[in-house]
Amino acid sequence: MVIQIAPSILAADFSRLGEEVALMERGGADWIHIDIMDGHYVPNLSFGPMVVKAIRPVTKIPFDVHLMMDNPMEYVDEFIEAGADSITIHAEVLPHLHRSINYLKKKGVGAAVALNPSTPLNFLDYVLQDLDMVLLMTVNPGFGGQSFIPAMLDKIKRLKEMIEALQSKAIIQVDGGISLKNIRQAAEAGASCFVAGSSVFSASDPAAMISQMRKAGEL
C-alpha cells in the first residue's frame with residue numbers, strides 16, 4: 001500500500017506561509033492539506049480562496065482542500081479557480097450529497113467526503129463508488145493539536161471492508177492526532193493518506209518528519 005502524507009498548513013507559521021509550503025515540497029509531501037473553516041460548522045475560522053490562490057504558485061504539489069463549512073457548495077467554484085486539485089465536503093451538511101459529488105467530478109477535481117467521528121459510515125452507502133477519497137476525522141474538527149480518538153481504528157477497518165466489498169477506488173484519508181506513535185496502526189486498519197499538522201510543523205526538522213512518518217506507516 002502506498003502511503004501518502006498530507007501536511008496541514010493550519011499548523012504552519014502564517015507569517016511565512018509560502019516558505020512553509022515550499023519546505024513541504026522539499027520534504028516530499030504528497031499533498032498540501034488546506035483546512036477551510038467558517039466559524040459556524042466548526043468553532044474556528046481559518047482562511048478563504050485568496051490564501052489558496054496566493055500559495056498556488058509556490059508549489060506543484062496537489063492542493064487537498066477540506067471545506068468545513070455549512071454551505072460548501074457555494075464556494076466550491078472559487079476554491080477550484082484558486083487552485084484546488086481535490087475538494088472534500090462534509091456529508092453532515094449536504095442533503096443532496098450525490099449531486100454535490102457529481103458536480104465536483106464534472107469540474108475535474110478529486111471528489112472526497114468527510115465524516116466526523118460520530119457520523120456513521122452508512123452515510124456513504126449510495127455514494128462510495130463515486131468517490132475518489134473518504135476522509136475520516138479522527139478528532140472532532142475545528143482545532144489542531146488534538147489527540148487521536150482510538151475508537152476510530154475500528155471505523156477505518158469497517159470502511160476498508162466496505163470499499164473492498166464494493167470494489168470502490170476510494171482511498172481512506174485520516175485527519176486528527178496523527179503522529180509517529182499511531183500512523184502504523186491507522187495504516188494497518190486500512191488508511192493510506194495521512195493528514196498531519198502539529199506533528200510535522202512542530203518538529204525540529206519538519207521536512208524530515210514527512211519521511212519519518214511515511215516510513216513509520218509503511219506495511
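Residues numbered from 1 in each chain as written. Predicted model: local features only at pLDDT ≥ 70, side-chain atom pairs only at ≥ 80, totals over all residues. Heavy atoms only, no water.

Peer 1: Could you give an account of the overall build of the protein chain, with specific residues and numbers?
Peer 2: Scanning the protein chain for helices and strands turns up eight helices and eight strands. In terms of overall size, the protein chain behaves like a compact globule, its C-alpha atoms giving a radius of gyration of 16 Å where 219 residues would be expected to give roughly 17 Å. By principal-axis analysis of the C-alpha atoms, the protein chain measures approximately 40 × 40 × 30 Å. Long-range contacts, defined as pairs at least 24 residues apart, comprise 66% of the intrachain contacts of the protein chain with a sequence gap of at least 6. Measuring between centres, the 18 positive side-chain charges of the protein chain sit 5 Å from its 25 negative side-chain charges. (Helix = DSSP H or I, 4+ residues; strand = E, 2+ residues; numbered from the N terminus. Rg over C-alpha atoms; globule rule 2.2 N^0.38 Å. Contact = heavy atoms within 4.5 Å. Lys, Arg positive; Asp, Glu negative; His and termini not counted. Charge placed at Lys NZ, Arg CZ, Asp CG, Glu CD.)

Peer 1: Tell me about the pairing of strand β3 (residues 63–68), and name the residues and values.
Peer 2: For β3, the tally of buried residues reaches six of six residues, placing the bulk of the element in the interior. Burial of β3 is two-sided: the residues Phe-63, Val-65 and Leu-67 facing one way and the residues Asp-64, His-66 and Met-68 facing the other way are all buried. In this region the chain leaves strand β2 (residues 32–37), passes through helix α2 (residues 49–55) and returns to the parallel neighbour β3; the handedness of that crossover is right-handed. Note that the unit made of β3, helix α3 (residues 76–82) and strand β4 (residues 86–90) has a crossover that is right-handed. (Buried < 20%, exposed > 50% of the residue type's maximum accessible area, 1.4 Å probe, protein only. Right-handed = clockwise from strand over helix to strand, strands pointing away.)

Peer 1: A description of the packing of aromatic side chains should follow, citing residues and the corresponding values.
Peer 2: Using the criterion set out here, one finds one aromatic pair in the structure. Considering the side-chain rings of Phe-14 and Phe-47, the 5.5 Å spacing of their centres and the 45° angle between planes classify their relative orientation as tilted. Of this pair, Phe-14 sits in the loop between β1 (4–7) and α1 (17–26) while Phe-47 sits in the loop between β2 and α2, and the two are 33 residues apart along the sequence. Residue classification places Phe-14 among the partly exposed residues on the basis of a relative accessible area of 43%. With relative accessibility at 10%, the residue Phe-47 sits in the buried group. (Phe/Tyr/Trp six-rings, centres within 6.5 Å; stacked < 30°, edge-to-face > 60°.)

Peer 1: Pulling in residues and values, what's your account of the pattern of salt bridges?
Peer 2: For the coordinates displayed, the defined rule picks out eight salt bridges. Of the charged contacts in the structure, one is a salt bridge between Asp-132 and Lys-105, with a shortest N-O distance of 3.9 Å. With a gap of 27 residues between them, Asp-132 in the loop between β5 (110–115) and β6 (133–137) and Lys-105 in helix α4 (residues 97–106) connect regions that are remote in the sequence. Note on Lys-105: relative accessible area 36%, which makes it partly exposed. In this structure, Arg-184 and Glu-188 form a salt bridge, with 3.4 Å as the shortest nitrogen-oxygen distance. With Arg-184 and Glu-188 both in helix α6 (residues 183–189) and four residues apart, this pair spans about one turn of that helix. (Salt bridge = Lys/Arg side-chain N within 4 Å of Asp/Glu carboxyl O.)

Peer 1: Give a detailed account of unusual backbone geometry, specifying residues and quantitative values.
Peer 2: Despite not being glycine, Gln-167 has its phi angle at roughly 55°, a positive value. In this fold, Gln-167 is placed in the loop between α5 (152–166) and β7 (171–175). Gln-167 sits in the exposed class, given a relative accessible area of 70%.

Peer 1: Before we move on, could you go through the sheet that holds β5 and cite the residues and values that matter?
Peer 2: In spatial order, the strands read β1-β8-β7-β6-β5-β4-β3-β2; together these eight strands make up an open sheet with parallel pairing. Each having just a single partner strand, β1 and β2 make up the two edges of the open sheet. Ignoring which end each strand starts from, the neighbouring axes of this sheet average 25° apart. Strand direction decides the pairing type here: β6 and β7, joined by five bridges, are parallel. The residue bridging Val-134 from the neighbouring strand is Ile-172, located in β7. (Pairing = 2+ DSSP bridges. Axes fitted to C-alpha atoms, helices over the stretch in contact; angles between N-to-C directions.)

Peer 1: Which residues make up the environment of Ile-149, and what values go with them?
Peer 2: With respect to the helices, strands and loops of the structure, Ile-149 is situated in the loop between β6 and α5. Expressed as a C-alpha distance, the spacing of Ile-149 and Val-139, which sit ten residues apart in the sequence, is 5.9 Å. Leaving out residues up to four positions away in the same chain, Ile-149 has contacts with Pro-117, Thr-138, Val-139 and Asn-140.

Peer 1: Pulling in residues and values, what's your account of the pairing of β2?
Peer 2: With six of its six residues buried, β2 lies for the most part within the structure. Alternating residues of β2 divide into Ile-32, Ile-34 and Ile-36 and His-33, Asp-35 and Met-37, and every residue in both groups is buried. In terms of strand pairing, β2 meets β3 through six bridges, oriented parallel. Each bridged residue has a counterpart across the sheet, and for His-33 the counterpart in β3 is Asp-64.

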